[in-house]
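# Structural description and commentary
Below, each chain spelled out in residue letters.
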Amino acid sequence: MGGPPDPEDAPDPHQVPADERAELERLAVDLVEETGALIREERPDGLGVAHTKSSDLDVVTEMDTRAEALLRDRLAAARPEDGVLGEEGGHGAGSTGLTWVLDPIDGTVNYLYDLPSYAVSVAVVLGDPTTPSAWTPVAGAVINPRTDEVFHAHSGGGARVTGRGTTRSLAVGNQARLESALLATGFSYDRAVRRGQAAVVSDLLPRVRDVRRMGAAALDLCHVAAGRVDGYWESGLQPWDLAAGWLVVTEAGGVVTGPGGSGPPSGDLVLAANAILHPLLSDEIDRLSARP
Ligand code: IPD
Ligand code: CA
Ligand code: CA
């Protein structure tokens, strides 16, 4: 069929009662906290690459596999009727319409090198997360186990960050000018795709405050939610990279779309910013991405 995804296809997260959405958020927080502690505490000295996936650059460590197994065990006990889509273990449908979307380590290359910017991302979504635009996040959480910050949200409930025993609300920044915007992006594991991504950055970089490549998409989105960067864009993401962070940004008052500045984010593009900057950045990324 082709064509841009139609946001009308996505289910309404308010089909899930508000108290259940809040309960799902609490479970997502518990899951990322336990799994975050596992990957931080049990990271082996001399950690190596267990295998590679989509390309030689797309690495998996033994801890990605262990972290996902822990998440799946806990979900099998707590929510046995829900589906699960995990980066390492694939998709199993459930009977409730809800599916847990798991990135056991987001930022695996940082984790491999012990760079302290990686995450566990857990979201629960309504609809089919394997079909672009046919799903909506209901609740989610993202932890950076090295800062012990947990970013979390449920649909309609606002977004929060919890760290060092305190929880505070998240709100996107108010940057209105592209020239002054601090942006984040990420690059594909496909070396050929990176040529096009580098060309986009090359054009944009002299015209903005700066561009960060921090290496964990889920955290990039949470940084938009916290006003720590003004905008973020990346193409080629998978549902597990974006499901929880998308919700956190939206609940923090931001806008997250795909190409054309509308429609849900997808593998084609995830573009997140405050409502004023979003259309400006979106026009730039669309224009630069369309160049031959
Ligand atoms: C990757 C990270 C990275 C992004 C890649 C993702 P992984 O996830 O989020 O920042 O640029 O597109 O695949 O492989 O570390 O889970
Ligand atoms: Ca990821
Ligand atoms: Ca991962």
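Here the structure is a predicted model, which is why all the values come from computation and not from measurement.

### Thoughts on the site of ligand 1
The environment of ligand 1 is made up of 16 residues, and the closest members are D106, G107, Y189, A217 and E234. Between ligand 1 and the protein, one listed contact pairs an oxygen atom with a side-chain N or O atom of Y189 at 2.7 Å. The protein chains hide 94% of the 380 Å² of surface that ligand 1 would expose on its own. Of the residues assigned to the shell around ligand 1, the class counts are six nonpolar, four polar and six charged. Each of domain 1 (13–169) and domain 2 (178–289) accounts for three or more of the residues forming the shell around ligand 1.

### Quick notes on the side chain of H152
Inspection of the secondary structure assignment puts H152 in strand β8 (residues 149–154). Polar side-chain contacts of H152 include one of 2.7 Å to the side chain of E25. Not counting residues within four places of it along the chain, the set of residues in contact with H152 comprises E25, V29, G140, A141, G158, A159, R160, V161, T162, T167 and V248.

### Focus on the sheet that holds strand β6 (residues 119–127)
What the eight strands build is an open sheet, ordered β4-β3-β5-β6-β7-β8-β9-β10; its pairing is mixed. What marks the edges here is a single partner per strand, and that holds for β4 (90–92) and β10 (166–169). Strand-to-strand twist in this sheet, taken as the mean axis angle between neighbours without regard to direction, amounts to 20°. Here four bridges tie β8 to strand β9 (residues 159–163), and the two strands are oriented antiparallel to one another. Along β9, the bridge assignment pairs F151 with V161. This element, helix α1 (residues 18–41), spans β5 (98–106), β6, β7 (135–144), β8 and β9 of the sheet and lies at about 35° to β7.

### Considerations on the environment of V138
Examined against the element boundaries, V138 turns out to sit in strand β7. Using a relative accessible area of 0% as the deciding quantity, one classes V138 as buried. Distance in space between the C-alpha atoms of V138 and L126 is 6.6 Å, their sequence separation being 12 residues. When near neighbours in sequence (up to four residues on either side) are disregarded, V138 contacts P13, V16, R21, L24, L98, V124, V125, L126, H154, S155 and L247.

### Focus on the pairing of β7
Here is the key point about a regular strand: its side chains alternate between the two faces of the sheet. The element β7 is extensively covered by neighbouring structure, given that 10 of its 10 residues are classed as buried. With six bridges connecting them, β7 and β8 associate as antiparallel partners. Following the sheet pairing, V142 is matched in β8 by F151. What sits between β7 and β8 in their antiparallel hairpin is a turn of four residues, with D148 showing a positive phi close to 60°.

### Focus on unusual backbone geometry
Its identity is not glycine, yet D114 carries a phi of approximately 60°, on the positive side. Along the chain, D114 falls in the loop between α3 (108–113) and β6. Phi is positive for S133, close to 75°, though the residue is something other than glycine. When you line up the elements, S133 lands in the loop between β6 and β7.

### Examining the coordination of the calcium ion (ligand 2)
Those protein atoms acting as donors to the calcium ion (ligand 2) are D103 (OD), D106 (OD) and D241 (OD), and they sit at 2.1 to 2.3 Å. In primary sequence terms, the donor set of the calcium ion (ligand 2) follows D-x2-D-x134-D.

### As for the coordination of the calcium ion (ligand 3)
The protein atoms donating to the calcium ion (ligand 3) are E87 (OE), D103 (OD) and I105 (O), with metal-donor distances spanning 2.2 to 2.3 Å. Within one chain, the residues serving as donors to the calcium ion (ligand 3) are arranged as E-x15-D-x1-I. Separating the calcium ion (ligand 3) from the calcium ion (ligand 2) is a distance of 3.8 Å, and D103 supplies a donor atom to each of them. D103 gets classed as buried once you look at its relative accessible area, which sits at 1%.

Parameters and conventions
- Residues numbered from 1 in each chain as written.
- Chains lettered and ligands numbered in written order.
- Predicted model: local features only at pLDDT ≥ 70, side-chain atom pairs only at ≥ 80, totals over all residues.
- Heavy atoms only, no water.
- Near = heavy atom within 4 Å.
- Polar contact = N/O pair within 3.5 Å; in protein donor to acceptor, adjacent residues only side chain to side chain.
- Areas by Shrake-Rupley, 256 points an atom, 1.4 Å probe, with all protein chains shown as cover.
- Nonpolar A, V, L, I, M, F, W, Y, C, P; charged D, E, K, R; others polar.
- Domains from an automatic or database assignment.
- Helix = DSSP H or I, 4+ residues; strand = E, 2+ residues; numbered from the N terminus.
- Contact = heavy atoms within 4.5 Å.
- Pairing = 2+ DSSP bridges.
- Axes fitted to C-alpha atoms, helices over the stretch in contact; angles between N-to-C directions.
- Buried < 20%, exposed > 50% of the residue type's maximum accessible area, 1.4 Å probe, protein only.
- Donors = N, O, S within 2.8 Å, 3.2 Å for Na, K, Ca; no water.

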